[in-house]
Amino acid sequence: MASNVSELQGEDLFFGYIAEYLDGELPSDVSGKFNELLATRQDKVEAFQENRGKFQSALGDLGGSEALKHKLRNLGQDDQIRETQEISAIAEAERTEFRGTLIRRIILASVLFGLVGVVAYVLMPRPAAKFDVIEYLGYEALALEEDPEGRLNLPTSDLEEVKQFVGNIPGLAFTPNVLRPLKGWNPEGVAVIDYDVMKVVAVNYVSPERNQERLHHFMVPGRMSTMPFTGTEGDYRGIRFRPYTGEKLNLVVWQHSSDMISILAGRRGTAELYELARAGTPE
């Protein structure tokens, strides 16, 4: 490459400055003439660039001294350009590694926060759902009226079988108490009603004397004092009852034992249900 640009023409100018052009260091005083030559020599630019890369690669296999290698290497690319490119490559590699590490940490943190959120949601105490046991058992009583055979877990007329079955139901939150024998009413069987919040046991009774009319005794865990009630409690022979009247069935509620509420549902009037409940509950 000559130092005097005016002395170079044609191919001499083109090949004299093609390396500077590819490295982005083409002198301004040469750029005009060089770009004119460049328009018809794109294939030579590509060939030069490809062969320079092959030359640099082959240079690494030479067995000459480091000084010779350095001199030959500088024919294709000088130290300053190579150093700049190496620094740029290192910086880009560091940025790539940093982004990868940051993304991995963000993903890991998101997973951990997600797991913590799930555990917190599972363990978080929730307010007790409103559960109107009277309303639900009113529906259950009507269902037992309409299809006793399909809803009873144990169809039996033997009171001892009823007691034995009830005493072995797993998962109850109370100790069940079956009513004492009720005059004019025979056991028909036992149903176990499993709500999400509790298990309820129901004993069905049938009266041959009243055209197969039915009576339903529900055993529920808890205390009567915690149940919402807006009516007036009645005291019948030492037991406090709460009456609930419906269009088809009436219900009476009482505290049968310390951990169990009894509910008697049927088509009898409230006074007669009081009498039946009192007769079935020990003094």
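Provided above is the structure to which this section pertains.
One numbering rule holds for all chains: residues counted from 1, following each sequence as written. The model is predicted, so local features are restricted to residues of pLDDT at least 70 and side-chain atom pairs to those at 80 or more, both for listing and for counting; the totals for chains, interfaces and linings are taken over all residues. Computation of side-chain values: all heavy atoms of the structure, hydrogens and water removed.

### Some thoughts on the overall build of the chain
Secondary structure counts use DSSP, requiring at least four H or I residues in a row for a helix and at least two E residues in a row for a strand, with both numbered from the N terminus. For the chain, the helix and strand inventory stands at nine helices and eight strands. For the exposure calls, accessible area comes from a 1.4 Å probe over protein chains only, and a residue counts as buried if that area is under 20% of its type's maximum, exposed if over 50%, partly exposed in between. Looking at the chain as a whole, 35% of its 283 residues qualify as buried. Taking contacts inside the chain between residues at least 6 apart in sequence as the whole, the part at least 24 apart equals 55%. Only heavy atoms matter for contacts: two residues are in contact if any of them lie within 4.5 Å across the pair.

### Things to note about the side chain of H217
When you line up the elements, H217 lands in strand β4 (residues 213-221). Taking relative accessible area as the criterion, H217 reaches 0% and is therefore assigned buried. Of note is the side chain of H217, whose polar atom sits 2.8 Å from the side chain of S262. In this structure H217 touches N177, L179, V201, A202, V203, Y205, W254, H256, S262, I263 and L264, once residues within four positions along its chain are discounted. Here a polar contact means two N or O atoms within 3.5 Å. Within protein one must be a hydrogen donor candidate and the other an acceptor candidate, and residues neighboring in sequence count only if both atoms are side-chain atoms.

### Topic: the pattern of salt bridges
Any carboxyl oxygen of Asp or Glu that lies within 4 Å of a side-chain nitrogen of Lys or Arg is treated as forming a salt bridge with it. With the rule as written, the count across this model stands at 11 salt bridges. E188 is paired through a salt bridge with R214; the nearest N and O atoms lie 2.8 Å apart. Remark: R214 occurs in strand β4 and E188 occurs in strand β2 (residues 186-194); sequence separation between them is 26 residues. Assigned by exposure class, E188 and R214 land together as buried. Taken together, the shared-partner salt bridges connect R210, E213, R268 and E272 into one network.

### Digging into helix α1 (residues 10-22)
One fewer than the residue count of a helix, multiplied by 1.5 Å, yields its expected span. End to end, α1 covers 18 Å across 13 residues, agreeing with the expected 18 Å (1.5 Å per residue, within 8%). Approximately 35 degrees is the largest bend angle found in α1, and it occurs at G16. Within the sequence span of α1, burial applies to L13, F14, G16, Y17, I18, A19 and E20. Phi for G24, located one or two positions after α1, is positive at around 75 degrees. We define the bend at each residue as the angle formed by axes fitted to the 7 residues ending at it and the 7 residues starting at it.

### A few points about the nonpolar core
To define a nonpolar core, start from buried Ala, Val, Leu, Ile, Met, Phe, Trp, Tyr and Cys residues and group those joined through side-chain atoms within 4.5 Å. The biggest cluster of nonpolar side chains holds 26 residues, and the ones touching the most others in it are V201, Y205, L215, M219, W254 and L264. Of all the elements in the fold, those that place two or more residues in this core are α8 (159-166), β3 (199-207), β4, β6 (239-245), β7 (250-257), β8 (260-266) and α9 (270-280). In terms of residues, this core owes the most to one element, α9, which gives four residues. Leaving out residues up to four positions away in the same chain, L215 has contacts with L182, W185, V203, N204, Y205, L264, A265, G266, L273 and L276. If you look at the next biggest cluster of nonpolar residues, it comprises 23 residues, including A141, V220, Y244 and L249.

### Here's the deal with the pairing of β3
Within β3, eight of the nine residues are buried, leaving the element largely enclosed by the surrounding structure. By the bridge criterion, eight bridges tie β2 to β3 in an arrangement that is antiparallel. Paired with A191 across the two strands is A202, which belongs to β3. Taken together, β2 and the strand that follows it, β3, pair antiparallel across an intervening segment of four residues. For two strands to count as paired, DSSP must find a minimum of two bridges between them. Strand direction decides the pairing type here: β3 and β4, joined by seven bridges, are antiparallel. When the sheet's bridge partners are listed, N204 is paired in β4 with H216. Taking the residues between adjacent antiparallel strands as the criterion, β3 and β4 are bridged by five residues, where N211 takes a positive phi near 60 degrees.

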